[in-house]
Amino acid sequence: MFSDVGGLEILTLIVMAIIIFGPDKLPKLIQDTMGFIRKIRSFADTAKEDIRSELGPEFKDFEFEDLNPKTFVRKQLMGDEQDPLGLKDMKESLDIRSVLDDKPAAPVNGRAGGVSFDKAAAAPASAGAPLQPGERPPFDPDAT
């Protein structure tokens, strides 16, 4: 909460508190503040226990920290400690060695060959010709 407050700032706050409240009233003020914080904490703990008792036994392991979206997502994604994201299955399904050894890849969907990223091969045959009636214009994904 106060991770960016340095020693000099804390010392300045203490000196200002002594100047504003005086050395006579400062201990009483600190005592009252600590009592107020204790009351707030006990009120919050009592409210949490009341909510847990009202929810019933099926929510006995419910934690209020789980309501934080970051914690909820982390808990849902990292639920299985052995393989939280199913990375083992993905790793086994990919053959990285064939890519590193420059071996040809296995055919995908029964088709041999690969994808060509050559600009000349991607150009349509009717690049400069007018379109015939009913013919669709060529689609260029890079132009969109």
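Conventions adopted
Residues numbered from 1 in each chain as written. Predicted model: local features only at pLDDT ≥ 70, side-chain atom pairs only at ≥ 80, totals over all residues. Heavy atoms only, no water. Helix = DSSP H or I, 4+ residues; strand = E, 2+ residues; numbered from the N terminus. Areas by Shrake-Rupley, 256 points an atom, 1.4 Å probe, with all protein chains shown as cover. Salt bridge = Lys/Arg side-chain N within 4 Å of Asp/Glu carboxyl O. Expected span 1.5 Å × (residues − 1). Bend = angle between axes of the 7 residues up to and from the residue. Contact = heavy atoms within 4.5 Å. Patch = residues over 30% accessible without salt bridge, like charges linked within 9 Å, V, L, I, M, F, W, Y side chains within 5 Å. pLDDT = per-residue confidence, 0-100.

1. Quick look at the overall build of the chain
Then step 1. From N to C terminus, the chain includes five helices and zero strands.
Then step 2. When the helices and strands of the chain are placed in sequence order, the string is α-α-α-α-α.
Then step 3. With an accessible surface of roughly 13,800 Å², the chain has 62% of that area assigned to carbon and sulfur atoms.

2. Overview of the pattern of salt bridges
Then step 1. With the rule as written, the count across this model stands at two salt bridges.
Then step 2. Between Asp 32 and Lys 28 there is a salt bridge, with its nearest N and O atoms 3.2 Å apart. Taken as a pair, Asp 32 and Lys 28 lie in helix H1 (residues 7-55) at a separation of four residues, close to a single helical turn.
Then step 3. Ionic pairing is found between Glu 49 and Arg 52, a salt bridge with its closest N-O pair at 3.4 Å. On the criterion of helical spacing, the pair formed by Glu 49 and Arg 52 is a turn pair, its members being three residues apart in helix H1.

3. Observations concerning H1
Then step 1. Here H1 is 49 residues long, yet its end C-alpha atoms lie only 45 Å apart, well below the 72 Å a rise of 1.5 Å per residue gives.
Then step 2. Maximum bend of H1: about 100 degrees, positioned at Gly 22, with proline Pro 23 one to four residues after it.
Then step 3. Positive phi appears at Gly 56, one or two residues downstream of H1, with a value of about 100 degrees.

4. Comments concerning the environment of Ile 18
Then step 1. Relative to the helices and strands, Ile 18 resides in helix H1.
Then step 2. Those residues in contact with Ile 18, other than ones at most four positions away along the chain, are Pro 23 and Leu 26.

5. With respect to a nonpolar patch on the surface
Then step 1. A contiguous nonpolar surface patch, about 470 Å² in accessible area, is contributed by Ile 30, Met 34, Phe 36, Ile 37 and Ile 40.
Then step 2. Secondary-structure assignment places Ile 40 in helix H1.

6. Re the confidence of the model for the chain
Then step 1. Here the chain averages 75 in pLDDT, and 63% of its residues register 70 or above.
Then step 2. Per-element averaging of pLDDT across the chain places helix H5 (residues 119-122) at the bottom with 48 and H1 at the top with 91.
Then step 3. Counting contacts from residues 118-124, a segment whose pLDDT is below 50, to residues more than four positions away or on other chains yields three contacts.

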